[in-house]
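# Examining the three-dimensional arrangement
So the chains spell out like this:
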Amino acid sequence: KHILSMTVSSLKAGGYLYVVGHHVSDLGKTGPPNPELLYEAKDLAEIEHLKEVTLEEVKKEFDDGTFNIDVLLIGQKFID
């Protein structure tokens, strides 16, 4: 999550940040095996200096009955 804060600090005022990541519930199923690299929408809502444009958890279901969840954030850096 720290890397996202650093990324926002490098944006110009009014610049956009786009994040698509695996949800914490995907641990052991899909995505990275490190829980530090997984997200919940509430985690991304706490990024300083960023206004949420879109923030949602998107469930993708597969033909075999399994599913995974992605977290989508589109945010805009505050204009000072």
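Residues numbered from 1 in each chain as written. Predicted model: local features only at pLDDT ≥ 70, side-chain atom pairs only at ≥ 80, totals over all residues. Heavy atoms only, no water.

## As for the overall build of the chain
A tally of helices and strands in the chain yields two helices and three strands. Its C-alpha atoms give the chain principal-axis dimensions of about 50 × 20 × 15 Å. Put simply, the chain has 80 residues, and 32% of those count as buried. Taking as baseline every contact in the chain between residues at least 6 positions apart, the subset at least 24 positions apart corresponds to 57%. Carbon and sulfur atoms form 55% of the exposed surface of the chain, whose accessible area is close to 5400 Å². (Helix = DSSP H or I, 4+ residues; strand = E, 2+ residues; numbered from the N terminus. Buried < 20%, exposed > 50% of the residue type's maximum accessible area, 1.4 Å probe, protein only. Contact = heavy atoms within 4.5 Å. Areas by Shrake-Rupley, 256 points an atom, 1.4 Å probe, with all protein chains shown as cover.)

## What to know about the side chain of Asp70
In this structure, Asp70 sits in strand S3 (residues 67–77). A relative accessible area of 14% means that Asp70 is categorised as buried. A distance of 3.0 Å separates a polar atom in the side chain of Asp70 from a polar atom in the side chain of Lys60. The residues contacting Asp70, other than those within four sequence positions of it, are Val20, Gly21, His22, Glu56, Glu57, Val58 and Lys60. (Polar contact = N/O pair within 3.5 Å; in protein donor to acceptor, adjacent residues only side chain to side chain.)

## Here we look at the packing of aromatic side chains
Scanning the model with the defined rule gives one aromatic pair in all. Geometry around Phe67 places Lys29 over its ring, the cationic atom sitting 4.4 Å from the centre. When the ring centre of Phe67 is taken as reference, the NZ or CZ atom of Lys59 above it lies at 4.3 Å. (Phe/Tyr/Trp six-rings, centres within 6.5 Å; stacked < 30°, edge-to-face > 60°. Lys NZ or Arg CZ within 6 Å of the ring centre and 35° of its normal.)

## A look at the pairing of strand S2 (residues 50–61)
For S2 and S3, the ladder comprises 11 bridges, and the chain directions are antiparallel. By the bridge assignment, Lys60 is partnered in S3 with Asn68. (Pairing = 2+ DSSP bridges.)

## Notes on the nonpolar core
Grouped together as the largest cluster of nonpolar side chains are 11 residues: Leu4, Val8, Leu11, Leu17, Val19, Tyr39, Leu44, Ile47, Leu50, Val71 and Leu73. Elements with a minimum of two residues in this core: helix H1 (2–10), strand S1 (16–22) and S3. (Core = buried A, V, L, I, M, F, W, Y, C linked by side-chain atoms within 4.5 Å.)

## Here we look at a nonpolar patch on the surface
A contiguous nonpolar surface patch, about 340 Å² in accessible area, is contributed by Tyr16, Tyr18 and Val53. In this fold, Tyr16 is placed in strand S1. Of the residues examined, Tyr16 reaches a relative accessible area of 40% and is grouped as partly exposed. (Patch = residues over 30% accessible without salt bridge, like charges linked within 9 Å, V, L, I, M, F, W, Y side chains within 5 Å. Salt bridge = Lys/Arg side-chain N within 4 Å of Asp/Glu carboxyl O.)

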